[in-house]
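If you want the building blocks of each chain, they are given just below.
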Amino acid sequence: MPKPESLAPERCVDCRHVIDTEKVGRLRDVLRTLPEHSGALLKEQGIDAADYPIFFRSAVESLRGTSAASGKDKRRFLEAVLDHMKDVGSVKEWEFLGGHRRQDYRVILPNGRAVGIESKGGPDGNNMGIWELPAWADEFVIWCQNPESLAVQPGKQLWSGLSIRTIPRIIQRNEKVDALVFFDGRCGSEVRRCPKGCGVQGDLREKATSIEGQDGLPWLPPPCIYLLPRQIPHAYNNPEPPLHDLETCQFAKALLTAFNIPAEEQRSPAYIHWAKARLEARPNGRYLKVTVGSGLDNPVVTVGGNWKRYRGE
């Protein structure tokens, strides 16, 4: 039975991949079963059908290694955005602190507030549960980029990242994450068109990514920002903490301002999202419910999750 439109995970965000995502699965199946329908092709390459599984896995790993350049693309994108924020005065300075396959940043806002940014891949990836909260950070933000993952719609990725990966991990580790940003070079492209207004015209898109903008325009849309609970949920003492707003999570406001969102529109459902959590104690254990929505003054629930047993593991 299909889910009600208001509860569908795709509603976490308004953008969609403008391709037939089922074709990704079809191609995957073709590659997995290549010996069955194209054995002659494999023989031409000197590959016996019986050996195909090991060669297939090796080839996939090799392609993954080749795609390591995408890590450079992600760093290029994030740093171009931070440079732009510095140029327009939204941040005072920033520095790259990454290493050992991590891409972490220290950003200083004009008032001296320090923001830690941990760069991640897709919001539904396993590494979303791995982060380090810097002791020096006044705010901590996870920034997700997944420009080449097109098999799953962005909303589904975000719902998984927020409800399964990030918020339960916040409770488990007792370490607060203030916001999640979903923003990469695929945003505002023909494959992932952005319905938002405002944004930045000019050479920022070319500096940030090699992916052409939608309709061939040199436009980079505003990011998708998800404000998270201001405190860590506790089943007895603080079951449903208040959400951050644009005063308590100042990096979110700085980012929206840098992308030319007028101050009077920054709190609207078009430009700011949130994910709240409620942790409830019951006789048979703790239960967690995550709700995602948008807008701060007139909030709109976009995805209301179900209660799920929280085991804290």
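Residues numbered from 1 in each chain as written. Predicted model: local features only at pLDDT ≥ 70, side-chain atom pairs only at ≥ 80, totals over all residues. Heavy atoms only, no water.

## Let's talk about the overall build of the chain
Okay, step 1: Within the chain, the secondary structure is distributed over 8 helices and 12 strands.
Okay, step 2: Counting every position in the chain, which comprises 313 residues, the buried fraction comes to 45%.
Okay, step 3: Of all intrachain contacts in the chain linking residues separated by at least 6 positions in sequence, the fraction that spans at least 24 positions is 62%.
Okay, step 4: In the structure as shown, the chain presents an accessible area of about 15800 Å², 50% of it carried by carbon and sulfur atoms. (Helix = DSSP H or I, 4+ residues; strand = E, 2+ residues; numbered from the N terminus. Buried < 20%, exposed > 50% of the residue type's maximum accessible area, 1.4 Å probe, protein only. Contact = heavy atoms within 4.5 Å. Areas by Shrake-Rupley, 256 points an atom, 1.4 Å probe, with all protein chains shown as cover.)

## Details of helix H6 (residues 154–173)
Okay, step 1: The axis of H6 is deflected most strongly, by about 35°, at leucine 162.
Okay, step 2: Within two residues after H6, asparagine 174 carries a phi angle of roughly 60°, on the positive side. (Bend = angle between axes of the 7 residues up to and from the residue.)

## A word on the nonpolar core
Okay, step 1: Within the largest apolar cluster, 38 residues are counted, with the highest numbers of intra-cluster contacts made by Ile117, Trp143 and Phe251.
Okay, step 2: Only helix H5 (69–87), strand E2 (103–108), strand E3 (114–120), strand E4 (139–144), strand E5 (179–182), helix H7 (204–208), strand E8 (224–227) and helix H8 (250–258) provide two or more residues apiece to this core.
Okay, step 3: Contact partners of isoleucine 117, with chain neighbours within four places excluded, come to Leu78, Leu82, Gln103, Asp104, Tyr105, Val107, Val141, Trp143 and Phe251.
Okay, step 4: Val13, Tyr226, Leu279 and Val292 belong to the second largest nonpolar core, which has 30 residues in total. (Core = buried A, V, L, I, M, F, W, Y, C linked by side-chain atoms within 4.5 Å.)

## What to know about the packing of aromatic side chains
Okay, step 1: Going through the model one piece at a time under the given rule, you end up with 5 aromatic pairs.
Okay, step 2: Ring centres of phenylalanine 77 and phenylalanine 183 lie 5.0 Å apart, and the angle between their planes is 80°; on these two criteria the pair is classed as edge-to-face. Taken together, the positions of phenylalanine 77 in helix H5 and phenylalanine 183 in the loop between E5 and strand E6 (200–201) put the pair 106 residues apart, joining distant regions of the chain. Residue phenylalanine 77 shares its accessibility class with phenylalanine 183, and that shared class is buried. (Phe/Tyr/Trp six-rings, centres within 6.5 Å; stacked < 30°, edge-to-face > 60°.)

## As for H8
Okay, step 1: Along H8, the positions that sit buried rather than exposed are Phe251, Ala252, Ala254, Leu255, Leu256 and Ala258.
Okay, step 2: Looking one or two places after H8, you find asparagine 260, whose phi comes out positive at around 65°.

## Here we look at the side chain of glutamine 157
Okay, step 1: On the secondary structure map, glutamine 157 appears in helix H6.
Okay, step 2: Residue contacts for glutamine 157: discarding those within four places in its chain leaves His17, Gly122, Pro123, Asp124, Asn146, Ser149 and Val152.

## Focus: empty space enclosed by the protein
Okay, step 1: This model, assessed by the stated rule, comprises 1 cavity of 30 Å³ or more.
Okay, step 2: Space inside the largest cavity adds up to approximately 70 Å³.
Okay, step 3: Around the largest cavity, the lining residues are Cys15, Phe182, Cys187, Gly188, Arg192, Cys194, Lys196, Pro221, Pro222, Pro223 and Cys224.
Okay, step 4: Across the lining of the largest cavity, the residue classes tally to 8 nonpolar, 1 polar and 2 charged. (1 Å grid on protein atoms, 1.4 Å probe; cavity = no way out; pocket = protein on both sides within 12 Å on 5 of 7 lines; lining within 4 Å. Points joined across faces, edges and corners; volume = space filled by probe spheres on them. Nonpolar A, V, L, I, M, F, W, Y, C, P; charged D, E, K, R; others polar.)

The values are spatial; any link to function lies outside them.
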